[in-house]
Amino acid sequence: MLSKSSAHRCLFAAVALALLFATGSSACAQTAAPSAAELKVSSAVSTPLAFTIADLKAMPRKTLTVVNPHDKKTEKYEGAALEEILRKAGVRQGEALRGPAMTTYVLAEAADGYRVVFSLAELDAGIADSEVIVADTIDGAPLGDKLGPFRLVAPHEKRPARWVRMLRSITVVRATAQ
Ligand SMILES: Nc1nc2c(c(=O)[nH]1)N[C@H]1C(S)=C(S)[C@@H](COP(=O)(O)O)O[C@H]1N2
Ligand SMILES: [Mo]
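Okay, so let's go over this structure. (Residues numbered from 1 in each chain as written. Chains lettered and ligands numbered in written order. Predicted model: local features only at pLDDT ≥ 70, side-chain atom pairs only at ≥ 80, totals over all residues. Heavy atoms only, no water.)

A cis amide bond links Gly 148 to the next residue, Pro 149, at an omega of 10 degrees. Residue position: Pro 149 is located in the loop between helix H4 (144-147) and strand S9 (151-153). Residue Lys 72 is not a glycine yet carries a positive backbone phi of 65 degrees. With respect to the helices and strands, the residue Lys 72 is situated in the loop between strand S3 (62-67) and strand S4 (74-81). A positive phi angle, near 55 degrees, is found at Glu 131, a position not held by glycine. Residue placement: Glu 131 occurs in the loop between strand S6 (115-119) and strand S7 (133-138). (Helix = DSSP H or I, 4+ residues; strand = E, 2+ residues; numbered from the N terminus.)

Take a look at the structure:
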């Protein structure tokens, strides 16, 4: 038979376990099913979009084999072109990217608060070959919690400072005159 104190301990353990289950379920879902993660893409000129891993996998795939300038390791990233994602968000591209639209910039934000910008022009294949991708795999495996589930890779840059890990959102903004 259980003593009163061990019964109490038992009850406590059961309640703690139940709480853990209830509060931990979303975190569990994150690790168990990273495909539920979303990349939010918004622009003043169109309705906000949310891309899942599955959405990215359904887009034309880009593979970049790069030497990470930071640690000199060769890494193979795969994902979708940032330009394609921006196209779906309805930004101006090609010949339509001119005049006042040339002040448009792309703000990329990460889960840890890290933020970088690219100009829309430098991401436009009609102007430059940035080849920036939103990667969802590295060496064939999901990026995991520390790198992903989404990461920007800008293969032609000397320092990977804009290779945003844990990318959560992309916002298209037009700089206005002061
Ligand atoms: N979310 C996030 N991404 C980030 C950073 C950061 O602090 N937070 N640092 C950047 C910098 S300065 C570098 S050098 C690279 C390092 O990437 P690595 O860990 O793959 O070498 O990540 C970039 N991406
Ligand atoms: Mo860095």
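Next comes the rest of the account.
Right, let's get into the environment of Thr 171. Within the secondary structure, Thr 171 sits in strand S10 (residues 167-174). Along the chain, Thr 171 and Val 117 lie 54 residues apart, while their C-alpha atoms are 9.4 Å from each other. For Thr 171, the contacting residues outside a window of four places in its chain are Ser 42, Tyr 105, Val 106, Leu 107 and Glu 109. (Contact = heavy atoms within 4.5 Å.)

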